[in-house]
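A look at the structure
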Amino acid sequence: MVTPARLSPPNDGEAAAGTVTTFDAFARFAHAAPLTPPQPGQAPRTLEERLACHSQFVTVRTPAIESLARQVRTLMILGRHQQATARPSLIVTGPATTGKTTALLQVGRTCHLAHTRRAAPGDTSVPVAYVLVPPGATAKTLACEFARYLGIPVAARMTTAQITTAVCHTYTTAGVKLVLIDEIRRLNPCTTSGAEAADRLKDLTERVPATFVYAGIDVTAGTMFTGLRGAQLAGRASLIDCGALPARTGHREPFRELITALGVALDLTSHRPGSLPRLAPYLHERTAGRIGSLSRLIRQAAIEAICDGTKRITKTLLDTIALDHLAEEHYRPRALARRARPGR
């Protein structure tokens, strides 16, 4: 049995670069000092520090993150003493670039840090596991990904059942309480190998005393909930829709609130406070309310503003930024249609 030792928090400013699908990498990510916006009276940052600031950037607690954090906390308590069957689970779904992975990782980080604060000296338990479903997942490759996270040795001659047994034993002994599984859309229970992988995953949920949370693009539109296996998953999992942010919900303007939070985090010496929220209608149309597209647009514009010396974001600058193809396909036809209207 391999139980990884707890890592000390890394030095301030250490980036959580690369993959987080091993315990060491996830621990570095969880303990990395959060990025803070420039503070009044703070000495100006260097060029490289300002570029790094907009490359990493802040993570804003969106409604999806708040909802996921609340439900994960409740389900972990609900399943704490459940023994006979798999615990209730959650599925984070939604279109591409709407912040599903970010929500998953932020909730995992919160759980990891909460455990670290409460743990006694010398405690080597592992509260959170983060696993990516591999492309074309089979039962064995999926089991190997679970093994890799905790560094469980896997020999080529080992069967899937043997790997699964080692995973269940190690995860239980290590005290894993929350398992985050990303890219669940790669699991296709309508194929023979996919069905075997889905059965292996069900086996893990029943043998590992943890709460499982899945994330994937438009899960309900795929094959995950089809057939007997899909019905079993649907009967245990609640859905959290991580969709595009609306411009307005009742009396609130969640998209403008997000833009305001991102604007505060900018480190641009000539940037006018409040200028980004005034562009909320344009930014919503430009990104279709998708958080990933919005974050990329603002970060890329900020880096351009630093590099060209203007040190501020304007609509003119934003118009020059080429976004992801999904956002461009949404926005450009609308922009062309407006320009073609008579009288414009």
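Data block above holds the structure.
Below is a summary of the structure that appears in this document. Each chain has its residues counted from 1, following the order in which its sequence is written. Two thresholds apply to this predicted model, a pLDDT of at least 70 for residue-level local features and 80 or more for giving and counting side-chain atom pairs, whereas whole-chain, interface and lining totals are computed over all residues. Neither water nor hydrogens contribute to the side-chain values; these are computed over all heavy atoms in the structure.

**So, unusual backbone geometry**
Even without glycine at this site, glutamate 183 takes up a positive phi of about 60°. Looking at the element boundaries, glutamate 183 is found in the loop between β3 (178–182) and α7 (192–207). For each residue, the accessible area found with a 1.4 Å probe, counting protein chains only, is set against the maximum for its type, and the residue is called buried under 20%, exposed over 50%, and partly exposed in between. By relative accessible area, which is 19% here, glutamate 183 ends up buried. Positive phi is not limited to glycine here, since lysine 311 has a value of about 60°. Where helices and strands are cited, they refer to DSSP runs of H or I of at least four residues and of E of at least two residues respectively, numbered from the N terminus.

**Considerations on the packing of aromatic side chains**
Any Phe, Tyr or Trp ring, taking Trp's six-membered ring, that has another such ring centre within 6.5 Å forms a pair; planes under 30 degrees apart are called stacked, those over 60 apart edge-to-face, and the others tilted. Taken as a whole, this structure holds two aromatic pairs when the rule is applied. Look at phenylalanine 146 and tyrosine 171: their rings are 6.0 Å apart centre to centre, the planes differ by 50°, and that puts the pair in the tilted class. Taken together, the positions of phenylalanine 146 in helix α5 (residues 139–149) and tyrosine 171 in helix α6 (residues 160–174) put the pair 25 residues apart, joining distant regions of the chain. Phenylalanine 146 sits in the buried class, given a relative accessible area of 1%.

**A word on the packing of helix α1 (residues 23–31) against helix α4 (residues 100–118)**
Helix-helix packing: each pair is described by the crossing angle between the helix axes and the interaxial distance. Note on geometry: axes are lines fitted to C-alpha atoms, helical ones only across the stretch in contact, with angles between N-to-C directions running from 0 to 180 degrees. As a packed pair, α1 and α4 sit with axes 9 Å apart at the nearest point and diverge in direction by 85°. With respect to their mutual orientation, α1 and α4 come out roughly perpendicular. Taken together, the residues of α4 that come into contact with α1 (itself represented by Phe23, Phe26, Ala27, Phe29, Ala30 and His31) are Leu105, Gln106, Gly108, Arg109, His112, Leu113 and Thr116. Under the grouping applied here, Gly and all other residues not named as nonpolar or charged are polar, the nonpolar ones being Ala, Val, Leu, Ile, Met, Phe, Trp, Tyr, Cys and Pro and the charged ones Asp, Glu, Lys and Arg. Tallied by class, the residues present in the contact of α1 with α4 amount to seven nonpolar, five polar and one charged. Each angle is binned into one of four classes, with values under 35 degrees roughly parallel, values over 145 roughly antiparallel, values of 65 to 115 roughly perpendicular, and all other values oblique. It only takes one pair of heavy atoms within 4.5 Å for two residues to be counted as in contact.

**Here's the deal with the side chain of serine 293**
Tracing the backbone shows serine 293 in helix α11 (residues 291–307). The class for serine 293 is buried, based on a relative accessible area of 1%. As used in this structure description, the phrase polar contact means that two N or O atoms lie within 3.5 Å; if the pair is within protein, one of them must be able to donate a hydrogen and the other to accept it, and residues adjacent in sequence are counted only when both atoms belong to side chains. Separated by 2.9 Å, the side chains of serine 293 and aspartate 324 make a polar contact. Once residues lying within four places of it in the same chain are set aside, the contact partners of serine 293 are Thr97, Thr287, Leu323, Asp324 and Ala327.

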